[in-house]
Amino acid sequence: MKIEVYKTTEETLRSMTETLIAVIKKSKSKPFHIALSGGSTAQQLFKLWVKEYRNDIPWDILRFYWVDERCVSPEDDESNFKHAERLLFMPMDIPQNHIHRIWGEKNPKSKLNDIRKW
């Protein structure tokens, strides 16, 4: 394993994005599934993708999921989905059927029942 160190968050996000693009291009999996996190770093990543990688990432084959979400509505400022929607999905015109969000506004017990149905 190679450890890489960068001076800024932006350099780190660019390197991660370049690696992601290479992995997507090598992958035989179509669609390509990617899990998103939340927080300020993810928000910086979404802005960077829209600004600098609009034409470099094959958006049409990506399917988006979450690794975490708060138990809030998608309109709440604490919602990781809200930030992804506003900063990435809307500007990139990502189809809704490519987005598989966590329903944070649902009662956690009902979420467990939904999972059991899988």
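Refer to the structure printed above.
Now for a quick tour of the structure. (Residues numbered from 1 in each chain as written. Predicted model: local features only at pLDDT ≥ 70, side-chain atom pairs only at ≥ 80, totals over all residues. Heavy atoms only, no water.)

## Considerations on helix α3 (residues 80-92)
Helix length check: α3, at 13 residues, gives a terminal C-alpha distance of 17 Å against a target of 18 Å (1.5 Å per residue), a fit within 8%. Roughly 40° is the biggest bend found in α3, and it falls at Arg86. For α3, the full list of buried residues reads Asn80, Phe81, His83, Ala84, Glu85, Leu87, Leu88, Phe89 and Met92. In this structure, the buried residues of α3 make contact with β1 (32-36), α2 (40-52) and β2 (62-66). Phi turns positive, to about 55°, at Asp93, one or two residues after α3. (Helix = DSSP H or I, 4+ residues; strand = E, 2+ residues; numbered from the N terminus. Expected span 1.5 Å × (residues − 1). Bend = angle between axes of the 7 residues up to and from the residue. Buried < 20%, exposed > 50% of the residue type's maximum accessible area, 1.4 Å probe, protein only. Contact = heavy atoms within 4.5 Å.)

## Points about the pairing of β2
For β2, the tally of buried residues reaches 4 of 5 residues, placing the bulk of the element in the interior. Here β1 pairs with β2 via 5 bridges, running parallel. In the sheet register, Phe32 faces β2, and the bridge partner there is Leu62. (Pairing = 2+ DSSP bridges.)

## Examining the side chain of Thr17
For Thr17, the location among the structural elements is in helix α1 (residues 9-26). Looking at Thr17, the relative accessible area reads 0%, which means it is buried. Reaching out from Thr17, the side chain makes a polar contact with the backbone oxygen of Leu13 at a distance of 2.7 Å. Setting aside chain neighbours within four positions, we find Thr17 in contact with Leu45, Leu48, Trp49, Tyr53 and Ile57. (Polar contact = N/O pair within 3.5 Å; in protein donor to acceptor, adjacent residues only side chain to side chain.)

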